[in-house]
Every structure is written in C-alpha cells, then in structure tokens.
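# Observations on chain architecture
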Amino acid sequence: NAGVMQNPRHLVRRRGQEARLRCSPMKGHSHVYWYRQLPEEGLKFMVYLQKENIIDESGMPKERFSAEFPKEGPSILRIQQVVRGDSAAYFCASSPAQQGGAGELFFGEGSRLTVL
Amino acid sequence: DAKTTQPTSMDCAEGRAANLPCNHSTISGNEYVYWYRQIHSQGPQYIIHGLKNNETNEMASLIITEDRKSSTLILPHATLRDTAVYYCIVRVSGGYNKLIFGAGTRLAVHP
C-alpha cells in the first residue's frame with residue numbers, strides 16, 4: 001500500500017515563474033492537507049481539501065497561491081509568479097473520509113522548492 | 001484547539017528512555033493529544049495519540065495525567081535514529097483532522 005506520494009521532490013524555479021506541486025493521497029483517502037515549512041521553521045498549515053472542495057484555506061496566502069483536488073488525479077498546489085520567499089518544503093498529508101473521531105494524518109516526503 | 005507547551009530541546013543517551021513532556025493546561029474534554037515527529041528533512045511521522053487513558057504501541061508510550069493538563073511521551077530505548085523534532089498537538093474530536101504544529105522539542109540522542 002503506497003504512502004502519500006509527492007512530486008517533484010525538488011523543484012527549482014526563477015523568480016516570476018510558476019510552480020506546481022502534486023500530491024497523490026494514500027489509497028482510499030479523500031482528504032488532503034498542505035503544509036509549508038520555511039527553512040529552520042515549523043510546519044504551517046495552508047489548506048485542507050476534500051475531493052473537488054476546498055474546506056479550509058485559512059493558511060493560504062491571499063495572492064499567487066491556489067490549491068485544487070479534482071475528482072480524478074492528484075491534488076495540486078500552484079504558486080504563481082514565485083518569489084525567493086516561497087523557497088520552502090511543502091508537505092502534503094492525507095486522511096480517510098471519516099470526520100471526527102481520532103484520525104491521524106499520513107504525510108508525504110515533501111517537495112522542496114528553491115526560487116533563484 | 002488548545003495550546004501546548006514543550007521544552008525547546010532535550011538530550012538522551014542511546015539505550016536510555018527518553019521522556020518528553022508536554023503541557024496542555026487548557027485542554028477540553030473532547031480534545032485528543034497527538035504526538036508526531038519529524039526526522040531531519042523528512043515528512044512528519046505519526047507516533048501515538050490518546051484521550052485520557054495511557055496508550056502504548058510499538059513506537060512509544062503516552063502517559064496522560066489524570067487532570068489531562070499534561071502528558072509525557074516515552075521512547076523506552078532511544079536510538080540514534082530517534083533524533084528528531086517531536087510535536088505534541090491537541091485536537092478536538094468531532095471536527096476534521098487538521099493539525100496545528102508548534103515549535104516542538106528537538107531531541108538529540110547521543111552515543
């Protein structure tokens with residue numbers, strides 16, 4: 001049973017370009033969470049999505065960042081017109097469809113974005 | 001979700017038990033205590049969680065005080081590979097699984 005798969009693992013972009021990060025949740029999981037970790041800092045929640053719906057985007061920057069989780073295919077975190085401050089590790093996590101209870105999150109190995 | 005307080009860093013000798021404390025004095029009755037860890041540059045890894053009873057699994061034990069205002073994660077025989085940042089998180093049940101990470105405790109296991 002494959003875990004959460006993220007790609008690319010490393011991405012280099014020049015300022016002003018677009019970055020697309022992909023996340024395939026674990027089999028059977030329909031909830032996806034994106035976190036960002038700046039160098040030497042903690043994990044910051046960005047957005048929580050279910051299939052075709054954004055449930056909580058309270059941690060997403062208001063501009064340039066967007067996320068989607070289509071009915072088919074992986075979840076995508078898109079960063080337009082990247083700036084050097086976007087350089088970070090972006091982690092995706094998934095969980096089953098249950099709500100409530102004591103569910104755990106399963107994390108991927110992250111995508112490391114470097115903006116030159 | 002309630003706030004947690006953890007020491008910034010701790011040391012432990014290899015083979016000894018590592019006891020990582022966490023204060024969550026404002027925890028409410030329906031909030032679980034979760035522990036995750038992040039080994040350098042890797043994705044966070046779930047360790048254990050509990051509500052009010054002590055819990056044990058193959059990785060660790062979780063001791064929750066009777067008033068639930070604090071807890072301790074115990075790694076019974078720490079190895080060098082347990083060197084990581086350990087996060088204590090409280091999360092309400094009945095909601096979705098969003099976790100808010102604090103600064104955690106940086107555990108260094110030394111030979």
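Now for a description of the structure that goes with this document. Keep in mind that what you see is a predicted model, and the values were worked out from it rather than measured.

## What about the pairing of strand β3 (residues 31-38) of chain B?
Residues and elements named next belong to chain B. Within β3, 8 of the 8 residues are buried, leaving the element largely enclosed by the surrounding structure. Neither face of β3 is left uncovered, since the one carrying E31, V33, W35 and R37 and the one carrying Y32, Y34, Y36 and Q38 both have all their residues buried. Both β3 and strand β8 (residues 84-92) contribute to a ladder of 8 bridges, which runs antiparallel. Counted as the bridge partner of Y32 is R91 from β8. In terms of strand pairing, β3 meets strand β4 (residues 45-50) through 5 bridges, oriented antiparallel. Bridge pairing in β4 links Y36 to Y46. Counting the residues between successive antiparallel strands, the hairpin from β3 to β4 contains 6 residues, one of them, S41, with a positive phi of roughly 70°.

## Let's talk about the state of the cysteines
Residue and element names in this part refer to chain B. Scanning all chains against the criterion turns up 2 disulfides over all chains. Shown here is the disulfide that connects C22 with C88, its sulfur atoms set 2.1 Å apart. With the S-S dihedral at roughly -80°, the linkage between C22 and C88 falls on the left-handed side. One end of the pair, C22, is in strand β2 (residues 18-23); the other, C88, is in strand β8, and 66 residues separate them in sequence. Neither residue differs from the other here; C22 and C88 are each classed as buried.

## Regarding the environment of V12 of chain A
Residue and element names in this part refer to chain A. Position of V12 among the secondary structure elements: in strand β2 (residues 10-13). Residues V12 and T114, spaced 102 residues apart in sequence, show a C-alpha to C-alpha distance of 4.8 Å. Each residue touching V12, except ones within four places of it in the same chain, is listed here: T114 and L116.

## Some words on the sheet that holds strand β3 (residues 19-24) of chain A
Residue and element names in this part refer to chain A. Overall, antiparallel pairing links the 4 strands, which are arranged β1-β3-β8-β7 in an open sheet. Two strands close off the open sheet at either side, each with one partner strand: β1 (5-7) and β7 (65-68). Between one strand axis and the next, the sheet turns through 15° on average, direction left out of account.

The rules behind these values
Residues numbered from 1 in each chain as written. Chains lettered and ligands numbered in written order. Predicted model: local features only at pLDDT ≥ 70, side-chain atom pairs only at ≥ 80, totals over all residues. Heavy atoms only, no water. Buried < 20%, exposed > 50% of the residue type's maximum accessible area, 1.4 Å probe, protein only. Helix = DSSP H or I, 4+ residues; strand = E, 2+ residues; numbered from the N terminus. Pairing = 2+ DSSP bridges. Disulfide = S-S within 2.5 Å. Contact = heavy atoms within 4.5 Å. Axes fitted to C-alpha atoms, helices over the stretch in contact; angles between N-to-C directions.

The quantities given are spatial measurements derived from coordinates; they are silent on function.
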